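Residue-level structure breakdown
Next come the chains, spelled out residue by residue.
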Amino acid sequence: MTYKCRLISFILVLAMTLSLTNGLTARAESSVTITLRIEQDEVMTAAPVQITLTDADTQTDFGLGLATGPVASTATPLHALAKYMRQKGADNTTMKQYIAADFTYGSAYITGISIQGKCGEAPYGSAASGSQDNVYWGFTVNDAAPIDPVTHMGCAADQYVLKSNDSVVFYGLWNAWPAEDETLYSYFDKPAYTAQTDESLIVTLKGSGMTYDEQFNSIVYTKVVTGAAVTAAEYTGSDSMAAEQNAVITALTGAEGKAVLTFKKAGKYVLSASRRAADGKHIDISRPYAVVTVNSRREEPIAADNADKNITPGQVKAGTKKPAKVKKVKAVVKKSGKSKKSVIITWKKGSGAAGCKVYVSKKKKKGYKMKKNTKKSKAVIRLKRGTYYIKVRAYRKSGNKILYGAYSNPIKIKVKKI
């Protein structure tokens, strides 16, 4: 979103200040709880925090000059931001040092945010961190820039009426003016992910911007964000932030905005991302936020046999032996023009086996992952081009325990491009 477009939008929005009777300024809920987050450049200024706004809060000007009175009793993003700043030590006298808002034309235009109470000082308002360029402050609700359905213009921070469970993000970005470089608000396709250790997790990074038609109506557009560095860091508390300095994983987004992450350790992680503009100096996307819960990878549960129904959980049936080692493992690659080829694996089960599991690795002595669980002596898996090693082992269940036989000797196969 360029400065020129923002300036045009600002002038038009302020000149067409919403009527207090339209849908956006209808009386809000008596109590609204939302999630607030603040980001600037490569720093998370405020981690996600819940803010509850009451009728009393919406009747407070917070030292900013917010409208009060019966018809103005609405919970807006600016009310939420101001109440958060009170938690950081601001009062009605000092609030303008925490939030710089221009009400010249009747609506709030945010020009600076500082939880340290230093608005007007770099990098909180006059300059972006690490540069001498102006900051552009924007906000989103549920990862979208709010548009007024009456005027078709972007809403100011004191106009949008919040609803419970809304997610509000204020973000500060490099103001590209006078260049026409694009800057985007960025977000992940999900706010939370679940993954398993040693398995690939694919996340998609999206961006939204705003342009205008010939009548200067606002048009919000979305696109995938390519070439961004996605970082994952351990989640140690509600204020955990993912950055280059503490990243345990870093992956670039590809042509479809997707990044592949593989976690080696179970636990909770926080995600973010950053991308520099073509000049190599400025940040041209806002910081996104998501959490990942990683569970230890486990074998699939095996259904109990009828003969085991009356066994106490945790017991092994007396005299039960482990299944014999699987023998005569063979693999055949089925010819096709597809990028992934079907690999047909056969073997001979030994005595005492209820089923077998097939494991695949690109290394002979380590890195095997289970690919197939079957009660047959045959399995079909799909693999991309490359060299692989395959092992099979049998299992049986006794009581609530699973007994495994020894792994078969590994066999080597080559999947070729046809």
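So, on to the pattern of salt bridges. Applying the stated rule across the entire model yields 8 salt bridges. Across the pair Glu39 and Arg287 runs a salt bridge whose closest N-O atoms are separated by 2.8 Å. With a gap of 248 residues between them, Glu39 in strand E1 (residues 31-40) and Arg287 in the loop between strand E14 (267-274) and strand E15 (290-295) connect regions that are remote in the sequence. Taken as a pair, Glu39 and Arg287 share a single burial class, namely buried. The closest approach of N and O atoms between Glu234 and Lys265, which form a salt bridge, is 3.8 Å. With Glu234 in strand E11 (residues 229-234) and Lys265 in the loop between strand E13 (258-262) and E14, this pair connects stretches of sequence that are 31 residues apart. Within the structure, one salt-bridge network assembled from shared partners comprises Arg37, Glu39 and Arg287.

Its location among the elements puts Gln116 in the loop between strand E4 (109-113) and strand E5 (135-141). Separated by 27 residues in the primary sequence, Gln116 and Gly89 place their C-alpha atoms 8.9 Å from one another.

Burial along strand E20 (residues 378-384) is one-sided: Ala379, Ile381 and Leu383 are buried, and none of Lys378, Val380, Arg382 and Lys384, which face the opposite way, are. Strand direction decides the pairing type here: strand E17 (residues 340-348) and E20, joined by 7 bridges, are antiparallel. By the bridge assignment, Val343 is partnered in E20 with Ile381.

Met85, Ile99 and Phe170 are the most contacted members of the largest nonpolar core, which has 35 residues in total. Contributing elements (two or more residues each) for this core: E1, strand E2 (43-54), helix H3 (77-87), helix H4 (95-98), E4, E5 and strand E6 (167-174). Ranked by the residues each element gives to this core, the list is headed by H3, at 6 residues. For Met85, the residues in contact, after removing those within four places along its chain, are Ile38, Ala90, Met95, Tyr98, Ile99, Ile113, Ser114 and Ile115.

Relative to the assigned elements, Ser361 resides in strand E18 (residues 355-361). Within polar-contact distance, the side chain of Ser361 engages the backbone oxygen of Lys366 at 2.5 Å. The residues touching Ser361, leaving out its near neighbours within four places in the chain, are Lys366, Gly367, Tyr368, Tyr388 and Tyr389.

Strand order across the open sheet formed by 5 strands is E8-E15-E14-E11-E12, with mixed pairing between neighbours. Either end of the sheet is taken by a strand with one partner, and the two such strands are strand E8 (192-196) and strand E12 (249-252). Strand-to-strand twist across the sheet, computed as the mean angle between neighbouring axes with direction ignored, equals 25°.

To continue, consider the sheet that holds E1. In space, the 4 strands of this open sheet follow the order E2-E1-E6-E5, with mixed pairing throughout. What marks the edges here is a single partner per strand, and that holds for E2 and E5. Mean inter-strand twist for the sheet, computed between neighbouring axes without regard to direction, equals 20°. Summarising the sheet, E1 and E2 pair through 9 bridges and their orientation is antiparallel. From the neighbouring strand, Thr35 faces E2, where its bridge partner is Gln50. Against the sheet, H3 contacts E1, E2, E5 and E6, and its axis sits at roughly 105° relative to E2.

Okay, the packing of aromatic side chains next. The description of an aromatic ring pair rests on the distance of the ring centres and on the angle between the ring planes. Taken as a whole and assessed by the stated rule, the structure comprises 6 aromatic pairs. On the numbers, 4.6 Å between centres and 45° between planes, the contact of Phe263 with Tyr269 is tilted. Judged by its relative accessible area of 1%, Phe263 falls in the buried class. Residue Tyr269 is classed as buried on the basis of its relative accessible area, which comes to 4%. In textbook terms, an aromatic cluster arises when at least three aromatic residues are bridged by ring pairs, as seen for Tyr171, Tyr185 and Tyr187. Against the face of Tyr235 rests Lys268, its NZ or CZ located 4.2 Å from the ring centre. The ring of Tyr404 carries the charged tip of Arg393 above its face, separated from the ring centre by 3.8 Å.

Here the protein chain shows a mean pLDDT of 83. Residues at 70 or above account for 83%. Looking across the protein chain, the model is least confident in helix H1 (residues 3-15), with a mean pLDDT of 45, and most confident in strand E7 (residues 185-188), with 97. Taken as a whole, residues 299-317 scores under 50 in pLDDT and shows 34 contacts with residues more than four places along the chain or in a different chain.

Moving on, we come to unusual backbone geometry. Located in the positive-phi region is Asp143, a residue other than glycine, with phi close to 65°. In this structure, Asp198 takes a positive phi of about 65° despite not being glycine. Here Asp198 is to be found in the loop between E8 and strand E9 (200-212). Judged by its relative accessible area of 29%, Asp198 falls in the partly exposed class.

The next subject is the environment of Ala229. Secondary-structure assignment places Ala229 in strand E11. A relative accessible area of 24% means that Ala229 is categorised as partly exposed. Distance from Ala229 to Arg276, taken between C-alpha atoms, is 9.4 Å for residues 47 residues apart in sequence. Aside from chain neighbours lying at most four places away, what touches Ala229 is Thr250, Ala251, Leu252, Ser272, Ala273 and Ser274.

What follows is about a positive patch on the surface. The grouping of Lys334, Lys338, Lys340, Lys362, Lys369, Lys371, Arg382 and Lys384 at the surface amounts to a positive patch. Secondary structure elements with two or more residues in the positive patch: strand E19 (369-374) and E20.

What counts as what
- Residues numbered from 1 in each chain as written.
- Predicted model: local features only at pLDDT ≥ 70, side-chain atom pairs only at ≥ 80, totals over all residues.
- Heavy atoms only, no water.
- Salt bridge = Lys/Arg side-chain N within 4 Å of Asp/Glu carboxyl O.
- Helix = DSSP H or I, 4+ residues; strand = E, 2+ residues; numbered from the N terminus.
- Buried < 20%, exposed > 50% of the residue type's maximum accessible area, 1.4 Å probe, protein only.
- Pairing = 2+ DSSP bridges.
- Core = buried A, V, L, I, M, F, W, Y, C linked by side-chain atoms within 4.5 Å.
- Contact = heavy atoms within 4.5 Å.
- Polar contact = N/O pair within 3.5 Å; in protein donor to acceptor, adjacent residues only side chain to side chain.
- Axes fitted to C-alpha atoms, helices over the stretch in contact; angles between N-to-C directions.
- Phe/Tyr/Trp six-rings, centres within 6.5 Å; stacked < 30°, edge-to-face > 60°.
- Lys NZ or Arg CZ within 6 Å of the ring centre and 35° of its normal.
- pLDDT = per-residue confidence, 0-100.
- Patch = residues over 30% accessible without salt bridge, like charges linked within 9 Å, V, L, I, M, F, W, Y side chains within 5 Å.
- Areas by Shrake-Rupley, 256 points an atom, 1.4 Å probe, with all protein chains shown as cover.
- Lys, Arg positive; Asp, Glu negative; His and termini not counted.
- Charge placed at Lys NZ, Arg CZ, Asp CG, Glu CD.

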